[in-house]
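Here are the chains, one letter per residue:
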Amino acid sequence: VVDVDLPSWCASADKLGSLWFDLWIFPTSRVVSGSKPMMIIDTYYAKMPVLRLYVEGAAGSELMMNIVLALVSASETIVVKRWAPWNRYLFVEIWHHVAVTLRFARVGSTGRCTLQGAQLAQAHLFLDGEWVDTADDSFEAFVAGNYVLTSGLGTVSLGGVSPLIADADSFQGFVGAVDNFRIWW
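Residues numbered from 1 in each chain as written. Predicted model: local features only at pLDDT ≥ 70, side-chain atom pairs only at ≥ 80, totals over all residues. Heavy atoms only, no water.

Undergrad: Please clarify how the packing of aromatic side chains should be interpreted in this entry.
TA: How two aromatic rings sit relative to each other is given by the distance of their centres and the angle of their planes. Tallied over the full model, the rule gives 6 aromatic pairs. Geometrically, the ring pair formed by phenylalanine 21 and phenylalanine 181 is stacked, given 6.4 Å between the ring centres and 15° between the ring planes. Of the two residues, phenylalanine 21 is situated in strand β2 (residues 18-27) and phenylalanine 181 in strand β12 (residues 176-184); the sequence distance between them amounts to 160 residues. Summarising the aromatic geometry, the rings of tryptophan 86 and phenylalanine 91 are spaced 5.9 Å apart at their centres and angled 25° between planes, so their arrangement reads as stacked. Take tryptophan 86 and phenylalanine 91: they sit in the same class, and that class is buried. (Phe/Tyr/Trp six-rings, centres within 6.5 Å; stacked < 30°, edge-to-face > 60°. Helix = DSSP H or I, 4+ residues; strand = E, 2+ residues; numbered from the N terminus. Buried < 20%, exposed > 50% of the residue type's maximum accessible area, 1.4 Å probe, protein only.)

Next comes the structure, spelled out in structure tokens:
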């Protein structure tokens, strides 16, 4: 696991407008239904998970797998998007270019409440240069989902979950190689 500490200004939710993760992966292990999900990217604020991108086995199938984006709050983990499924035998032992783009909208409060945040408005996955479709990719679905971040990001873990995180045993580390990881804010 490689941890990347981000500049201090990234920790503020009001700095979130768009966020892109771009990397090459070479998975050498297959994820099957019922096994622990394999973490690709895990992000944190003050040692608390915020956004997660991982591979999981597709329910009811030993052959298929999904890429999942989840938003983590203090009380729950919400699956924002589940892309695919892909045939797990065609996915492994081949280099894949993965790009995840996230767009946020500002959340403001009136009156005495000073809670500020960023509403996740869109999330897109590109695999090997192709946009990956999902069942519901509409802006309305995101707003209805209430995917609000009240903090920005402080650390990005690449290839696994930080051992300091409470649910680290719920995931397996990425098995394979990762190269050319980039973040655009």
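Undergrad: Mind showing me how you'd approach the pattern of salt bridges here?
TA: Two side chains that carry opposite charge are able to pair once their charged atoms sit near each other. All chains considered together, the criterion is met by 4 salt bridges. One salt bridge in this structure joins arginine 182 and aspartate 22, with 2.7 Å as the shortest N-O distance. Taken as a pair, arginine 182 in strand β12 and aspartate 22 in strand β2 lie far apart in primary sequence, 160 residues in all. For the salt bridge of aspartate 42 with arginine 52, the shortest nitrogen-to-oxygen distance reads 2.7 Å. (Salt bridge = Lys/Arg side-chain N within 4 Å of Asp/Glu carboxyl O.)

Undergrad: Sorry, what's going on with the sheet that holds strand β11 (residues 155-158) here?
TA: The strands that make up a sheet pair up through hydrogen bonds in the backbone, lying either parallel or antiparallel. What the 6 strands build is an open sheet, ordered β1-β11-β3-β4-β5-β6; its pairing is antiparallel. The open sheet terminates on both sides in strands that have one partner only, identified here as β1 (2-5) and β6 (77-87). Each neighbouring strand pair of the sheet contributes to a mean axis angle of 15°, computed without reference to strand direction. Relative to β6, strand β5 (residues 64-72) runs antiparallel, the two sharing 8 bridges. Among the inter-strand pairings, methionine 65 is bridged to a residue of β6, identified as tryptophan 86. (Pairing = 2+ DSSP bridges. Axes fitted to C-alpha atoms, helices over the stretch in contact; angles between N-to-C directions.)

Undergrad: I keep staring at the pairing of strand β7 (residues 96-107) and nothing clicks. Help me out?
TA: One face of the sheet, then the other: side chains in a regular strand alternate in exactly this way. Where β2 lies against β7, 8 bridges are found, and the strand directions are antiparallel. Bridging from a neighbouring strand, tryptophan 24 pairs with histidine 97 of β7. As judged from the 10 bridges shared by β7 and strand β8 (residues 117-127), these two strands associate in the antiparallel manner. Bridge pairing in β8 links valine 98 to leucine 127.

Undergrad: It is not clear to me how unusual backbone geometry should be interpreted in this structure. Could you clarify?
TA: Most peptide bonds take the trans form, and the phi angle of most residues other than glycine is negative. Phi at alanine 46 takes a positive value of approximately 50°, unusual for a residue other than glycine. Mapped onto the elements of the fold, alanine 46 is located in the loop between β3 (38-45) and β4 (48-57). With a phi angle near 55°, aspartate 128 is a residue other than glycine that sits in the positive phi range. Within the secondary structure, aspartate 128 is located in the loop between β8 and β9 (130-132).

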